[in-house]
Amino acid sequence: MRPRGLPLLLVVLLGCWASVSAQTEATPAVTTEGLNSTEAALATFGTSPSTRPPRTPRAPGPSSGPRPPPVTDVAALCVCDLSPAQCDVNCCCDPDCSSVDFSVFSACSVPVVTGDSQFCSQKAVIYSLNFTANPPQRVFELVDQINPSIFCIHITNYKPALSFINPEVPDENNFDTLMKTSDGFTLNAESYISFTTKLDIPTAAKYEYGVPLQTSDSFLRFPSSLTSSLCTDNNPAAFLVNQAVKCTRKINLEQCEEIEALSMAFYSSPEILRVPDSRKKVPITVQSIVIQSLNKTLTRREDTDVLQPTLVNAGHFSLCVNVVLEVKYSLTYTDAGEVTKADLSFLLGTVSSVVVPLQQKFEIHFLQENTQPVPLSGNPGYVVGLPLAAGFQPHKGGALPCQLVAQKVKSLLWGQGFPDYVAPFGNSQAQDMLDWVPIHFITQSFNRKDSCQLPGALVIEVKWTKYGSLLNPQAKIVNVTANLISSSFPEANSGNERTILISTAVTFVDVSAPAEAGFRAPPAINARLPFNFFFPFV
């Protein structure tokens, strides 16, 4: 026997299918955008090959209200636009991009922008690139996307359900009420994915996104790790691809002077071609060199001369100085795909047999010419992994005074809640304040006339000693010194900017006195011989 509710359920499902199938015919608006012209064209999707004619959808009942307008206009939404007043690479919806910028694009990073996927019919924007045009153009297509699921929202009359509710901040009055309620949401993956295929067209004399940067001999090498953590020097640097990698290099300390990857010249000597297959070359300019010692202290060199790794014998140990630890490229390009400037920064250090194998860090960043980009952390919502945007209210009246800048830099170096005491042992109790070691604060400055004293480095020195038995000595801190070093800088005029390098370093010094071995006093022999011990001789 059939259940009584089955015919009614079948009618409802067939009615929904008729409503969905009747909406499969859509008329999208296709717009091709160029630099100076906008063309509108209409395209019609083909009808279904089924021989049965589409059914006429039923009109909603009198109780169903009209669908409210969408909260978000998908045509104006651009989630990949993260640089104000600057074109983002492969962001086809960025309004700051022109046809000249499209010529260096490889594909659209966000090809489809849709609204709420739970509706049976929704607006969707499809972006693509037309590389056959000269110059290349952006294709903007606004369509009515149909949800193939029969369980979709056809009509809704509750407008607050179309957007998230602003969260209520808990306080002492509403805390108990908020604890009894809970809410959540689910992220749905987009079902429509569009890919843009670049046609085979003649290569233009310019760099495009992802194209290896050419040099006078081959290409700009950007070491990175491929199948393992070891550095591979044959990896090319790609145009407009920002990278930051770390890799490990196995070296023989005795042959450090012969290894090219440890020398500054290996990274600064190549000359980048302005455009592919061009005779114009852009030299790589060394902007800064920072030396890192074995105790991790940093010192910036005044000159930018190229240094070579040198093997030094220090007693029973061998050291290799001026070894490249970090390399940072900063390349400037134009919107026409030309490289105009290449800057380079180094971090050199001293390598001993203790730190072999060696870890190196490489970074490369691209900056568009005549722009001052301020990267965003999302548009409009935050993107996972990007930093939180923060700032402070600037001083009124132009340039910041010297005292305010010094206070800001000093608070940055000290951090929040810098301590006054340090525990001598790892298990020292807070109530034993007399046993704790006070921190000695020292301020060093170099005064010059008509200059601004700004803190430049915070050096913390921790002296410790071995305490207790020789068989099981314990580490004990006996002295801590915090040295704030200030330098003199010329007074800056209003509107001028200056970059100041600040650094922090912590060193641990072993001040243990050599232990002296102690021995017991030799025992005293108190023995008496018998009176006839030497008989019969005496």
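Residues numbered from 1 in each chain as written. Predicted model: local features only at pLDDT ≥ 70, side-chain atom pairs only at ≥ 80, totals over all residues. Heavy atoms only, no water.

Some remarks on the overall build of the chain
No. 1: Looking only at helices and strands, the chain has 5 helices and 20 strands in total.
No. 2: Within the span of the chain, comprising 538 residues, buried residues form 30% of the whole.
No. 3: Residue pairs in contact within the chain that sit at least 24 positions apart in sequence constitute 63% of those at least 6 positions apart. (Helix = DSSP H or I, 4+ residues; strand = E, 2+ residues; numbered from the N terminus. Buried < 20%, exposed > 50% of the residue type's maximum accessible area, 1.4 Å probe, protein only. Contact = heavy atoms within 4.5 Å.)

Details of the state of the cysteines
No. 1: The tally for this structure, following the rule as stated, stands at 8 disulfides.
No. 2: For Cys 231, the disulfide goes to Cys 247, at an S-S distance of 1.9 Å. Across the S-S bond of Cys 231 and Cys 247 the torsion is about 95°, and the bridge reads as right-handed. Of this pair, Cys 231 sits in strand β7 (residues 231-232) while Cys 247 sits in strand β8 (residues 243-249), placing them 16 residues apart in sequence.
No. 3: Of the residues examined, Cys 247 reaches a relative accessible area of 1% and is grouped as buried. (Disulfide = S-S within 2.5 Å.)

With respect to the pairing of strand β17 (residues 437-444)
No. 1: Where strand β16 (residues 421-422) and β17 come together, 2 bridges link them in antiparallel fashion. Residue Tyr 421 lies in a different strand from β17, and its bridge partner there is Pro 438.
No. 2: Here β17 pairs with strand β19 (residues 474-490) via 6 bridges, running parallel. Bridge pairing links Ile 442 to Asn 483 in β19. (Pairing = 2+ DSSP bridges.)

Here's the deal with the sheet that holds β17
No. 1: The mixed open sheet is built from 5 strands, whose spatial order is β16-β17-β19-β18-β20. The sheet is open, and its two edges are formed by β16 and β20 (503-510), each paired on a single side.
No. 2: Lying over the sheet, helix α5 (residues 402-414) contacts β17, β18 (451-467), β19 and β20, oriented at roughly 25° with respect to β18. (Axes fitted to C-alpha atoms, helices over the stretch in contact; angles between N-to-C directions.)

What about the confidence of the model for the chain?
Regions with low pLDDT should not have their predicted coordinates read in detail.
No. 1: Mean pLDDT for the chain: 75, with 73% of residues reaching 70 or above.
No. 2: Here residues 34-65 is a poorly scored stretch, pLDDT under 50, and it has 33 contacts once near neighbours within four places are set aside; other chains count.
No. 3: Counting interchain partners and residues more than four positions distant, the pLDDT-below-50 stretch residues 182-202 has 19 contacts. (pLDDT = per-residue confidence, 0-100.)

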